[in-house]
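Here is what each chain is made of, one letter per residue.
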Amino acid sequence: LNQDQWLDTAGLAANGDIWECLAGAPACTKIPGQLQTLQIADVDHDTIDDLIGQMGTGVFVFLSSSPQWHLLGYLDQVVIGRWYGDGFDYMAGILQGYVYQDIGLGQWQFANGFLQTIGVADVGDRDILLGWNGCWYYELSFQQWTQGQCG
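Now for a quick tour of the structure. Here the structure is a predicted model, which is why all the values come from computation and not from measurement.

### Things to note about the nonpolar core
So, point 1. In this structure, Ala 41, Val 43, Ile 52, Val 59, Val 61, Leu 63, Leu 72, Leu 75, Val 78, Ile 80 and Met 91 together form the largest nonpolar core, which totals 11 residues.
So, point 2. Contributions of two or more residues to this core are made by β6 (58–62) and β8 (77–81).
So, point 3. Ignoring anything within four residues of it in the chain, the contact list for Val 78 reads Gln 39, Gln 54, Val 59, Met 91, Ala 92 and Gly 93.
So, point 4. In this structure, Ile 94, Ala 111, Leu 115 and Ile 118 belong to the second largest nonpolar core, which totals eight residues.

### Notes on the state of the cysteines
The bond known as a disulfide is covalent and runs between the sulfur atoms of two cysteines.
So, point 1. Here the structure, examined in full by the defined rule, presents one disulfide.
So, point 2. One disulfide in the model links Cys 21 with Cys 28; its S-S distance is 2.0 Å. In this structure the cystine formed by Cys 21 and Cys 28 twists about its S-S bond by roughly 110 degrees; its chirality is therefore right-handed.
So, point 3. Judged by its relative accessible area of 38%, Cys 28 is partly exposed.

### Structural notes on the pattern of salt bridges
So, point 1. Applying the stated criterion to the full structure yields one salt bridge.
So, point 2. Residues Lys 30 and Asp 17 are paired through a salt bridge, measuring 3.8 Å at the closest nitrogen-oxygen approach. In this pair, Lys 30 sits in strand β3 (residues 29–34) while Asp 17 sits in strand β2 (residues 17–21), placing the two residues 13 residues apart along the sequence.
So, point 3. Classification of Lys 30 by relative accessible area gives partly exposed; the value is 39%.
So, point 4. Under the relative-accessibility criterion, Asp 17 is labelled buried at 13%.

### Description of unusual backbone geometry
So, point 1. At His 45, a position not held by glycine, the phi torsion is positive, near 60 degrees.
So, point 2. Considering the arrangement of structural elements, one finds His 45 in the loop between β4 (37–41) and β5 (50–55).
So, point 3. Judged by relative accessible area, which is 31%, His 45 ranks as partly exposed.

The rules behind these values
Residues numbered from 1 in each chain as written. Predicted model: local features only at pLDDT ≥ 70, side-chain atom pairs only at ≥ 80, totals over all residues. Heavy atoms only, no water. Core = buried A, V, L, I, M, F, W, Y, C linked by side-chain atoms within 4.5 Å. Buried < 20%, exposed > 50% of the residue type's maximum accessible area, 1.4 Å probe, protein only. Helix = DSSP H or I, 4+ residues; strand = E, 2+ residues; numbered from the N terminus. Contact = heavy atoms within 4.5 Å. Disulfide = S-S within 2.5 Å. Salt bridge = Lys/Arg side-chain N within 4 Å of Asp/Glu carboxyl O.

Have a look at this one:
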């Protein structure tokens, strides 16, 4: 998390409390707030990881450069990936089925899709955004959705 080349971790307690454990520190530190989900990514592209979490549909980020929670928007689901192979982390999400990509902290752009659920898949130097509607799957690669059938 803090770019010291040590393996740091963060996680959620059963009650939603947020804990950050820096390698070499005598104890973990509780971060203010509670969340239902927690992910780690460098969303502000400063080479230091940030915390991204959800509480209900609220999406929040705890930036390394500004240690407090910031509301990024409202989504039903958020995923993290490296879409275009440029080495930077990006977020995508769905809200009531509509797919959005984060084009800047808290700036969401409609990604021309309507899906029930989304995920990411690693294809080497980039990730693709995947989505499912029933037994049809879709992938967003190089700004275009392609369609295939499950099973």
